[in-house]
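The residues making up each chain are set out below.
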Amino acid sequence: MVMLQANYISKCAYEANADLSVCSEQQRTSYYNRAVMYTDLLSLYHHGLFLGFNERTIKKIKDQRLLNYWVLPMHEETNCVDSNPPSTTTANASLWNIGNRYIYAAREVLYAVAHNVEGEELERNRYWNYISANGRASVFDAYAYSLDLYCRYVWKQLGSLGGIMTGLLVAEFVFIALAVIAWQLDLVRQVAGQRMACFSVFLALPTATLRALVTAPCQVDDDDAASEADDDDLADLAETTTAAEGAASGGGKTKSVRMSVTGKLKGGDEDCKHDDKSKGKAALRKVTDAPSKGGLSSWLMQKHKVVQRLARGTFNRTLKISGKKLQPARGAFVRFLAPLLVWWVAALIIYGVSFTKLGALQGPLTSLQASAHVQYLFARVRVLANLIGFLPPMASPERQELNALLRNDLTVLKEGYFALLYGGVFVTKTDEPDPTANAGVFEDPRIADIFFKTTNCLRLDQSTCWQQGSDWYDITHAGIDAMMQRILNDMAIYLGLPPAEQNVAASW
């Protein structure tokens, strides 16, 4: 666009073009202002792409292939020499250096124009010739290739990010999460087993003893003086229970015995007092070691060990011994594992949705690349048509060369535009397979409205829009597609015109 405005500025200064509508005083001022704006934008984007857009830090290009394309002398540069007659030299340079020199040359041209250097005198300026020689050759081709390289790099990065997410998904949800679930399940199982083992003592005790324990009054007191009385009470309880079971077995008839334990304690109290675990264990030893039990101690311990072994099974099944049942706390497994399982399922769903959305980003990226192709190819065919339009009205090798370039670029522009609208393959500058774009315009109704339905002016500066009554009002207020179709058709007609009619006055 800098080259287009510079060509307008120089050609409109000729007397032969002074009467053209595109060379009016208002239009010439507009060309100069646009040239200043496009030069500033070119400087911003050129330095931002290479150094980063943050003014405080420098961000290096990550893709090594793209970085080499910017810093290595891979591009042919034409340099204009102020000699008599003027001459040119060619050399290889990096895109970074060519872009900087191009921006510098554009600013020098604008400075000369501001000091009334125009027309033929401007075209003898070596900076103007530098813009004309490199603008549609090395600069355009290098930036176009750089765009395709960067898009391919981002596209591959999205693909590699999808592979990383897949690896994290497998590592977290197949190995880590399942290992955590299994570990927590084992912890809950062990705790439940300990609970079963603690309560399994009641399965080892005789029924009469359990009933006696249930009906025995018990008062918790911190007085240490009642410890010996507690032990005596438990010993009496064991003897009474043994006697009761012996009577029941000797009589040949099972009896239900309810017992109450009473005893006189120090201080005249008649309650059973338990104060700590050591006293209880001491009392239990008195019970089990009493000589009057007749082997009751060993029988109780053996039975308790069997019950404990069963209670600490893998799944803590229900224990049923001597008519008594001990139910495991199966609800604990659900209460402890349910939140973890819910998190596992929710995170898996989030990962799946994120992976799907990430894969869907490659389609819009390709459509964005296609739209960038359409944009710079549209600017390029405008430059070529402008150069042809200001040539002398006769056949010449330069006209034939420019017509060939315009015909080729117009074909590529048409293919790229239809690929952007309806999806398909569009041509790129890289040596990799050409990408396939989605029907990006129709994926969003708002974008489709801008292309087909809008009746508004689409210029950023609304004050420059064509007003009603102008020949250009209808076409500029009918959406992007109507304008693009008109341009493609008019450019095709323009290429078929004879040299005498292929000029600015006939085609604009």
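Just so it is clear, the model here is predicted, and its values are computed rather than measured.

The rules behind each value
- Residues numbered from 1 in each chain as written.
- Predicted model: local features only at pLDDT ≥ 70, side-chain atom pairs only at ≥ 80, totals over all residues.
- Heavy atoms only, no water.
- 1 Å grid on protein atoms, 1.4 Å probe; cavity = no way out; pocket = protein on both sides within 12 Å on 5 of 7 lines; lining within 4 Å.
- Points joined across faces, edges and corners; volume = space filled by probe spheres on them.
- Nonpolar A, V, L, I, M, F, W, Y, C, P; charged D, E, K, R; others polar.
- Helix = DSSP H or I, 4+ residues; strand = E, 2+ residues; numbered from the N terminus.
- Axes fitted to C-alpha atoms, helices over the stretch in contact; angles between N-to-C directions.
- Parallel < 35°, antiparallel > 145°, perpendicular 65-115°, else oblique.
- Left-handed = near helix turned anticlockwise from the far one by under 90°.
- Contact = heavy atoms within 4.5 Å.
- Core = buried A, V, L, I, M, F, W, Y, C linked by side-chain atoms within 4.5 Å.
- Buried < 20%, exposed > 50% of the residue type's maximum accessible area, 1.4 Å probe, protein only.
- Phe/Tyr/Trp six-rings, centres within 6.5 Å; stacked < 30°, edge-to-face > 60°.
- Disulfide = S-S within 2.5 Å.
- pLDDT = per-residue confidence, 0-100.

Novice: Explain empty space enclosed by the protein to me, please; I cannot follow it from the model alone.
Specialist: Unoccupied space between atoms shows up once a probe the size of one water molecule is rolled over them. Enumeration according to the criterion identifies three cavities of 30 Å³ or more in this entry. A per-class count over the lining of the largest cavity returns eight nonpolar, no polar and no charged. By volume, the second largest cavity amounts to about 40 Å³. Lining of the second largest cavity is provided by Met3, Ala6, Asn7, Trp128, Ile131, Ser132 and Leu387. Secondary structure elements with two or more residues in the lining of the second largest cavity: α1 (2-11) and α6 (126-199). Looking at side-chain class alone, the lining of the second largest cavity contains five nonpolar, two polar and no charged residues.

Novice: I tried to follow the packing of helix α2 (residues 25-51) against helix α3 (residues 64-71) on my own but got confused; where do I start?
Specialist: The description of two helices packed together rests on the angle between their axes and the distance between the axes. The interhelical angle for the contact between α2 and α3, taken along N-to-C directions, is 135°, at an axis separation of 11 Å. Classified by the angle between their axes, α2 and α3 sit oblique to one another. In terms of crossing hand, the pair formed by α2 and α3 is left-handed. Residue-level contacts link His46, Leu49 and Phe50 of α2 to Leu67, Trp70 and Val71 of α3. Residues that form the contact of α2 with α3 fall into these classes: five nonpolar, one polar and no charged.

Novice: How should I be thinking about the nonpolar core in this particular structure?
Specialist: Nonpolar side chains tend to gather and get buried jointly when the protein is soluble and globular. Grouped together as the largest cluster of nonpolar side chains are 61 residues, with contacts concentrated most on Tyr102, Val109, Leu122, Ile131, Leu406, Leu413 and Tyr417. Those elements that provide at least two residues to this core are α1, α2, α4 (95-114), α6, α13 (362-389), α14 (397-422) and α17 (480-495). Looking at this core element by element, the count peaks at 10 residues for α13. Counting residues in each nonpolar core, the second largest holds 11 residues, with Phe50, Leu66, Trp70 and Tyr145 among its members.

Novice: Can you help me understand the packing of aromatic side chains in this one?
Specialist: One pair of aromatic rings is described through two measures. These are the centre distance and the angle between the planes. Tallying each qualifying case throughout the model produces 14 aromatic pairs. Judged by centre distance (6.1 Å) and plane angle (90°), the ring pair of Tyr8 and Phe390 falls under edge-to-face. In this pair, Tyr8 is assigned in helix α1 and Phe390 in the loop between α13 and α14, connecting sequence segments 382 residues apart. For the pair formed by Tyr8 and Phe390, the shared burial category is buried. For the ring pair Tyr150 and Tyr153, a centre distance of 6.3 Å and an interplane angle of 50° mean the geometry is tilted. A residue pair is termed a helical-turn pair when its members lie 3 or 4 positions apart in one helix, as Tyr150 and Tyr153 do in helix α6 at three residues. On the accessibility criterion, Tyr150 (42% relative accessible area) is partly exposed. Three or more aromatic residues joined by ring pairs make a cluster, and in this case those are Tyr417, Phe418, Tyr422, Phe442, Phe451 and Phe452.

Novice: I would appreciate a short explanation of the state of the cysteines in the present structure.
Specialist: Using the criterion set out here, one finds two disulfides in the structure. The residue that forms a disulfide with Cys12 is Cys23, at a sulfur-sulfur distance of 2.1 Å. In this structure the cystine formed by Cys12 and Cys23 twists about its S-S bond by roughly -65°; its chirality is therefore left-handed. Here Cys12 is found in the loop between α1 and α2, whereas its partner Cys23 is found in the loop between α1 and α2, with 11 residues between them in sequence. Across the disulfide, Cys457 is cross-linked to Cys465 (sulfur-sulfur distance 1.9 Å). As the torsion about the S-S bond is roughly -85°, the Cys457-Cys465 disulfide counts as left-handed.

Novice: How should I be thinking about unusual backbone geometry in this particular structure?
Specialist: If a residue is not glycine, its phi is most likely negative; likewise, a peptide bond is most likely trans. Omega for the peptide link from Asn84 to Pro85 comes to 0°, which places this bond in the cis form. If you trace the backbone, Pro85 turns up in the loop between β1 (75-81) and β2 (87-93). One non-glycine residue, Asn116, lies in positive phi territory at about 65°. Take Asn116: it is sitting in the loop between α4 and α5 (119-123).

Novice: Could you clarify how one ought to interpret the confidence of the model for the chain in this entry?
Specialist: Interpretation of the predicted coordinates at a detailed level should be avoided for regions scoring low in pLDDT. The predicted model of the chain averages 77 in pLDDT, with 75% of residues at 70 or higher. Here strand β4 (residues 272-274) stands out as the element of the chain with the lowest mean pLDDT, 39, in contrast to α4, whose mean of 93 is the highest. Here residues 247-294 is a poorly scored stretch, pLDDT under 50, and it has 65 contacts once near neighbours within four places are set aside; other chains count.

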